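# Structural description and commentary
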Amino acid sequence: MESDKKIAVVDFGGQYAHLIASRVRRLGAYTEILSNEDSIEQFKNYAGIIFSGGPSSVYEKDSPKIDPEILNLGIPVLGICYGHQLSTLLMGGKVENSGNAEYGPANIEIKNPKKYEISRGLSNLEKVWMSHGDEVRKLPEGFEVYGSSDSCEFAFVGDDKRKIYGIQFHPEVTHTTHGNILLSNFIRICSVEHSWSVDQFIEREIKIIQEHVSPERKVFLLVSGGVDSTVAYLLLAKALGADRVRGLLVDTGFMRKNEVTDLKLNLKKLGFDLTVRDESEAFYNALVGKVDPEEKRMIVGNLFLDAQARAVSELNLNPKEWLLGQGTIYPDTIESGGTKHSHKIKTHHNRVPAIQALIESGEIIEPLRDLYKDEVRELGTKLGLPSEWTERHPFPGPGLVVRMIATKKDIEANLENEIQSYLQKFNSKIQTRLLPFPSVGVQGDQRTYANCLVLNDFTEDWELLDKIATDATNKFRSINRVVFLPGEINLPVKYLFTELHLNRELSDLLREADSTVFSILHNRNIHNEIWQMPVVMVPCGREVDQFSIVLRPVESNEAMTANFYRMDRAVLNKMKHSIRSISGISDVFFDLTNKPPGTIEWE
Ligand code: XMP
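Report follows, based on the coordinates. (Residues numbered from 1 in each chain as written. Predicted model: local features only at pLDDT ≥ 70, side-chain atom pairs only at ≥ 80, totals over all residues. Heavy atoms only, no water.)

### Notes on helix H3 (residues 82-90)
Given 3.6 residues per turn, any residue in an α-helix points the same way as the ones three and four places further on. Burial analysis of H3 places seven of its nine residues in the buried class, the great majority of the element. Every buried residue of H3 is accounted for by Tyr82, Gly83, His84, Gln85, Leu86, Ser87 and Thr88. If you follow the buried residues of H3, they end up packed against strand E3 (48-51), strand E4 (77-80), strand E5 (94-110), strand E6 (125-138), strand E8 (156-159) and strand E9 (164-167). (Buried < 20%, exposed > 50% of the residue type's maximum accessible area, 1.4 Å probe, protein only. Helix = DSSP H or I, 4+ residues; strand = E, 2+ residues; numbered from the N terminus. Contact = heavy atoms within 4.5 Å.)

And the structure:
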């Protein structure tokens, strides 16, 4: 593609650069991620430049900067959050710590949306998503304020003559209701409408695959049964011919109930040449006593590789003839800190060092590496995959390993009391407890391990619960998750910690709970309203040797941000009763945390 048809998204760290890039692509303009250290020459031929958000402060010594010349190229620039602050600083404005970090929804008032192309189509009051600790305090010369919020005067600014714009909120997340309008306006300003589609991707990627895999070689693909690896298989088969692609499914012992049997049947129907290996014993043995999420992921990743190596040798596949294929998609790359500045948010099992080494030696092929989930689904449909497949909820590669929580944390009684008194302002019937293990979250682009707060069931008002969960996580940085206990007006005095082992017996228990939940979702026909629904086993209960289950249904587009799903109370009640009838399960919690500050998975 000619570079003057592309928009460059400059990565200043954090997860947002790729999310912006993906959003802009969905709006029909091709994007590429560039580093802030790339040369001015490289930027020159782009039609537009977006400066992404990032976790640093512009006034910190080592924060990522960029050559100020970039603002004199005559190319339209949109600065978002950190990018807005940086461009302001480079042009002579001022940025300071706001003294009042803001994470969450906000309203901005736009004075005259019709006046400029960048704000055309927006309304006078726009709901946006803020996530920042610093803010612009003085604008550079030539800049005008287009929109402000109560707590942020320079929320939306621009110099329309130079086509340089800055916004403090995040237009790329779905919580910003009309973020797409703003980004489309920028695309129009750059004149790159209609430069990208999944059809164009298919054409381009097929050529790349054919060049990468020389005619005498074939691809051996690790299949998980999820949408990604299935679509990767179909694309590879389309590019190389089905006889040059072969699949391996490793049964890790942490798959869902009946998943392996169902997959085997279904994949065969689709014409897969599939080998299934039961490696569950090896996985259970290696995970005995392991509690740390990153360690669990590393173990799973390495065992996958071992299993693959054994399969290759048993199947007598000559490594000179075969390459390794994977269905890795873009978010897997981003969230492992795959780009230069993003903090290491997590290591995905398919990005462990051994795999990384294969990637670097060119021995691996990942045809979906540039795509987001929604693009993969669209690609799957175009390649003929039936909707039951393309609509499957995403399932993490390490499977139930990340949904069995084994870590312990002492409860801070003072904190528990402090939170309970603070929340009385919402409702005097509120009761709170802390859970005896850490929960994981993302706060301000950094991964955090903090406390999980439990609320009693004092209201059926989801909006109020959302408000309380947001407020509690904003007010108390040591809380990154809030759950409630459906149907219980009184909370138990204390939750007791129980050691949880990642073995067959307990994974069977979780499989049972998970399958109960999914059959209810399908029966009630609400599976497609939910983007993903981890069913998580946690190491506590009202009595010793009991575990509990957390339900975590979310609405999301690319897993970068998420809202908890407001489940119909009758359905929730049914789930709770069915799960509690499984022996060994104490309580059923429902997760009220959005992402950020919580992650989707519990780990
Ligand atoms: P989080 O929990 O970070 O998850 O909000 C975002 C998306 O990534 C999936 N996920 C994983 N996928 N290996 C994977 O292949 C992993 O280790 C992993 N952890 C999280 C998660 O299911 C969600 O869709």
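There is more to say, and it comes next.
### Thoughts on the sheet that holds E9
Spatial ordering of the open sheet is given by E2-E1-E3-E4-E9-E8-E7-E5-E6, a layout of nine strands whose pairing is mixed. Both edges of this open sheet fall to strand E2 (30-35) and E6, since each of them pairs with a single strand only. Mean inter-strand twist for the sheet, computed between neighbouring axes without regard to direction, equals 25°. Here E8 runs beside E9; their pairing, made up of four bridges, is antiparallel. What sits directly across from phenylalanine 156, in E9, is isoleucine 167. Contacts between H3 and the sheet are confined to E3, E4, E5, E6, E8 and E9, with E6 contributing the most and set at about 40° to the helix. (Pairing = 2+ DSSP bridges. Axes fitted to C-alpha atoms, helices over the stretch in contact; angles between N-to-C directions.)

### Here we look at the pattern of salt bridges
If you walk through the whole model with that rule in mind, you get 40 salt bridges. Here glutamate 205 ties to arginine 369 by a salt bridge, and the two come within 3.2 Å at their closest N and O atoms. Highlighted residues: glutamate 205 in helix H5 (residues 198-212) and arginine 369 in the loop between strand E14 (364-365) and helix H12 (373-382), separated in sequence by 164 residues. A relative accessible area of 1% places glutamate 205 in the buried class. A salt bridge links arginine 552 to aspartate 591, with the nearest nitrogen and oxygen atoms 3.3 Å apart. Placement of the pair is arginine 552 in the loop between strand E22 (547-551) and strand E23 (554-555) and aspartate 591 in strand E25 (residues 585-591), with a sequence separation of 39 residues. A relative accessible area of 0% places arginine 552 in the buried class. Judged by relative accessible area, aspartate 591 falls into the buried class, the value being 0%. Members of the salt-bridge network, linked through shared partners, are Glu488, Arg542, Lys576, Arg580 and Asp587. (Salt bridge = Lys/Arg side-chain N within 4 Å of Asp/Glu carboxyl O.)

### Things to note about the environment of isoleucine 164
As for its placement among the helices and strands, isoleucine 164 is situated in strand E9. On a C-alpha basis, the gap between isoleucine 164 and glycine 384 in space is 43 Å, while along the polypeptide they are 220 residues apart.

### Overview of the packing of aromatic side chains
Counted according to the given criterion, the structure contains 18 aromatic pairs. Arranged with centres 5.3 Å apart and planes meeting at 85°, the rings of tyrosine 146 and phenylalanine 156 form a pair that is edge-to-face. Remark: phenylalanine 156 occurs in strand E8 and tyrosine 146 occurs in strand E7 (residues 144-149); sequence separation between them is ten residues. Pairing phenylalanine 437 with tryptophan 602 gives two aromatic rings, centres 6.2 Å apart and planes at 50°, and the pair type is tilted. Within this pair, whereas phenylalanine 437 is found in the loop between strand E15 (432-434) and strand E16 (439-443), its partner tryptophan 602 is found in the segment after E25, the two being separated by 165 residues in sequence. Here phenylalanine 437 matches tryptophan 602 in class, with each residue buried. (Phe/Tyr/Trp six-rings, centres within 6.5 Å; stacked < 30°, edge-to-face > 60°.)

### Section: the pairing of E8
Every second residue of E8 is oriented toward a common face, with Phe156 and Gly158 on one face and Val157 and Asp159 on the other, all of them buried. Pairing of E7 with E8 involves three bridges; the strand directions are antiparallel. Bridge pairing in E8 links glycine 147 to phenylalanine 156. If you look at the hairpin formed by E7 and E8, you'll find six residues sitting between the two strands. Linking two consecutive strands that pair antiparallel, namely E8 and E9, is a turn of four residues; a positive phi of about 55° is found at lysine 163 within it.

### Remarks on the side chain of glutamate 416
Its location among the elements puts glutamate 416 in helix H14 (residues 413-423). It turns out glutamate 416 is buried and unbridged, and the closest side chain with the opposite charge, arginine 433, is 5.4 Å from it. Contacts of glutamate 416, omitting those with residues within four sequence positions, involve Ile411, Thr432, Arg433 and Leu434. (Lys, Arg positive; Asp, Glu negative; His and termini not counted.)

### Focus: the sheet that holds strand E10 (residues 218-223)
Whenever strands of a sheet pair, they do so through backbone hydrogen bonds, lying parallel or antiparallel. Pairing in this open sheet of five strands is parallel, and the strands run E12-E11-E10-E13-E14 from one edge to the other. On the outer flanks of this sheet lie strand E12 (274-278) and E14, each paired with one strand and no other. Pairing analysis gives five bridges linking E10 to strand E11 (residues 245-251), with the strands arranged parallel. Each residue of the ladder has a partner; that of phenylalanine 220, found in E11, is arginine 246.

### Some words on helix H4 (residues 179-190)
Taking 1.5 Å of rise per residue, twelve residues should cover 16 Å, and H4 covers 17 Å from first to last C-alpha, within 8% of that figure. Burial in H4 covers these residues: Gly179, Leu182, Leu183, Asn185, Phe186, Ile187, Ile189 and Cys190. Buried residues in H4 make contact with strand E1 (6-11), helix H1 (16-26), E3, E4, E8 and E9. Looking one or two residues past H4, serine 191 carries a phi angle of roughly 55°, positive in sign. (Expected span 1.5 Å × (residues − 1).)

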